Structures are given as structure tokens and as C-alpha cells.
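Below are the chains, spelled out letter by letter.
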Amino acid sequence: MTARTGPATLLVIAKAPVPGAVKTRLTPPYTPQEAARLAEAALADTLDAVLAAPARRRVLVLAGEPGPWLPPGIEVVPQAAGGLDARLAAAFAGCAGPAVLIGMDTPQVTPALLAPALAADARRDADAWFGPAADGGFWALGLAEPDPDLLRGVPMSTPTTGAAQRSRLTGAGLRVRDLAVLRDVDTAADAAHVAALAPGTRFAAALARLDRSARTGGTTRLDGTARTGGTAPIDGAARR
């Protein structure tokens, strides 16, 4: 049994922002290259929040290769093979002691939203922290004693994934506390909603550049240069 005391490991599970491999539900209206730019901005915002939050370790569980978007202070480990449930389980299996896992789909996340699960007394009255997503999934999961079996076999990417995962926790006898409900960025409507909620983020700035480009005839991409179908660094985008 792992120790429940001390700071938690903070995990981010993510895909490298490669066109055609991330945020495919944003296409259309966005091109695969534009969707990848939005994914990169969302990941950068998420890692900003992780760096600003208290944690024993900060680990990016990555499918793909790190790029210039990766800031110092973040460890990188590869995602395991298998379905999402297996990959999440493996991420927790690599932790000694309490761990909190989030995804890259909520660029509006802040240290304040994560604070209840990361506080020094977070595990005094709770065995698990659960962050429900508006689409029926979940955006965060914290475990005082990481057990991969709490995730293996949970059906992922369905409208009832969150309910099934929470039921798995309570069915194991865990005391579960809830975090705020957040909206994942999956569709263009999600993107607009989240950007409006968090206008100071890199994600909001990236989306605004895309919208300006569309209004001016699509002659420029997010960094102001001619579109070539690639991606560009997001340096200079608005920060939280």
C-alpha cells in the first residue's frame, strides 16, 4: 500500500499536437493544422497551470514526441499501449504515493481549480477526487493510493464514462469528493465557449487569431505569416 501523505504527483495525459492526430473533431471547420495549433495552445495552458500548482512531481504522459512547446520542469514518460483505460491505469501505476491526473482538453484549468485535490489535507477526508466533465466524461482524477484496477475496464469516450468511473471508485469503498465541472474542448462550439470563459489563455489567443484569419480571407495563419500547412511556436500568445 502506498503512503497517503505528502505532496501528490501531478500527471497530464496528452497527445503531441501533430496535425491529423489531435482534435480531429475540430475538423471541420478548422483544418488539421489549425486544430493542431489549438491543441498545442491548450496543452501549453495546461502545463502552465501544472507548473504553478503544488506537486511532488509534474509528469507529462505523452503519446508522441516532445516539442518546443514543452517547458522546463515537466518530466515526460511515454504512454502505455492499449485503450485509454489501460493508458490511464499505467500512468497511475508509475506513481508512488498520491497522484492527480488531468488531460489536455481543459485549457481553462487553473491552480485554484486543482487546489482541493492538491491541498495538504486533501486526503484527510477523501480517498479520491473526481473532476466531472460537462460531456459526461471526467477531466481530473485524484487517488490517495493509486490502484490501476480502479481504471482498467472502465468504458472510455462515452456519455456515461464519468458515471462509470465514479461508480468504480465508490464501489471500491472509496470516499469520493468532487471538483468543479469543466467543459472539454472537443468541437468548435466547445472551443468558443472555453475561450470566452478564459480569455487570457494561450488557447483563447490562438482561437482569436484563427477567427481573424477567417474574417480576412484566410490569407494568414496564427503567427501572422502565410499558411503553409505546418505549425509554428506559440511564443507571444496571451498567458493566464
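Residues numbered from 1 in each chain as written. Predicted model: local features only at pLDDT ≥ 70, side-chain atom pairs only at ≥ 80, totals over all residues. Heavy atoms only, no water.

In this section: the environment of Arg124. Relative to the assigned elements, Arg124 resides in the loop between helix H3 (111-118) and strand E5 (128-132). Relative accessible area serves as the criterion here: at 57%, Arg124 is assigned to the exposed category. Separated by 20 residues in sequence, Arg124 and Ala144 have C-alpha atoms that sit 9.5 Å apart. (Helix = DSSP H or I, 4+ residues; strand = E, 2+ residues; numbered from the N terminus. Buried < 20%, exposed > 50% of the residue type's maximum accessible area, 1.4 Å probe, protein only.)

Taken N-terminus to C-terminus, the directions of helix H1 (residues 32-52) and helix H6 (residues 202-215) make an angle of 160 degrees; their axes are 8 Å apart at the nearest point. Classified by the interaxial angle, the pair formed by H1 and H6 is roughly antiparallel. For H1 against H6, the interelement crossing comes out right-handed. Every residue of H6 that contacts H1 at Glu34, Leu38, Ala41, Ala42, Ala44, Asp45 and Asp48 is listed here: Arg202, Phe203, Ala206, Leu207 and Leu210. (Axes fitted to C-alpha atoms, helices over the stretch in contact; angles between N-to-C directions. Parallel < 35°, antiparallel > 145°, perpendicular 65-115°, else oblique. Left-handed = near helix turned anticlockwise from the far one by under 90°. Contact = heavy atoms within 4.5 Å.)

This brings us to the nonpolar core. Core analysis: the largest hydrophobic core is formed by 32 residues, its most contacted members being Leu10, Val12, Leu43, Leu60, Leu114 and Trp139. Elements represented by at least two residues in this core include exactly strand E1 (9-15), H1, strand E2 (57-63), strand E4 (99-102), H3 and strand E6 (138-143). For this core, the element with the highest residue contribution is H1, accounting for six residues. In contact with Val12, other than residues within four places in its own chain, are Leu43, Thr46, Leu47, Val50, Val59, Leu60, Val61, Ile102 and Gly103. Judged by nonpolar contacts, the second largest core, of 22 residues, contains Val59, Phe92, Ala128 and Leu150. (Core = buried A, V, L, I, M, F, W, Y, C linked by side-chain atoms within 4.5 Å.)

In this structure, Pro28 follows Thr27 across a cis peptide bond, with omega equal to -15 degrees. Note on placement: Pro28 falls in the loop between E1 and H1. The residue after Pro28, namely Pro29, is reached through a cis peptide bond having omega 10 degrees. Counting through the fold element by element, Pro29 comes out in the loop between E1 and H1. One non-glycine residue, Lys23, lies in positive phi territory at about 50 degrees. Residue position: Lys23 is located in the loop between E1 and H1. A relative accessible area of 14% means that Lys23 is categorised as buried.

Further remarks concern H1. In an α-helix, one turn spans 3.6 residues; hence positions three or four apart end up facing the same way. Across its 21 residues, H1 extends 30 Å between first and last C-alpha, which sits within 8% of the 30 Å expected from 1.5 Å per residue. Taken across its 21 residues, H1 has 16 buried, putting it largely inside the fold. (Expected span 1.5 Å × (residues − 1).)

Looking now at the sheet that holds E4. The mixed open sheet is built from seven strands, whose spatial order is E3-E2-E1-E4-E6-E5-E7. The outermost strands of the open sheet, each flanked by one partner alone, are strand E3 (75-78) and strand E7 (176-178). Within this sheet the neighbouring strands show an average axis-to-axis angle of 20 degrees, counted without direction. One ladder, built from four bridges, connects E1 with E4; its direction is parallel. Among the inter-strand pairings, Thr9 is bridged to a residue of E4, identified as Ala99. Across the face of the sheet, H3 comes into contact with E1, E4, E5 and E6 while running at roughly 150 degrees to E4. Where helix H4 (residues 161-171) meets the sheet, its contacts fall on E5, E6 and E7, and the angle it forms with E6 comes to roughly 10 degrees. (Pairing = 2+ DSSP bridges.)

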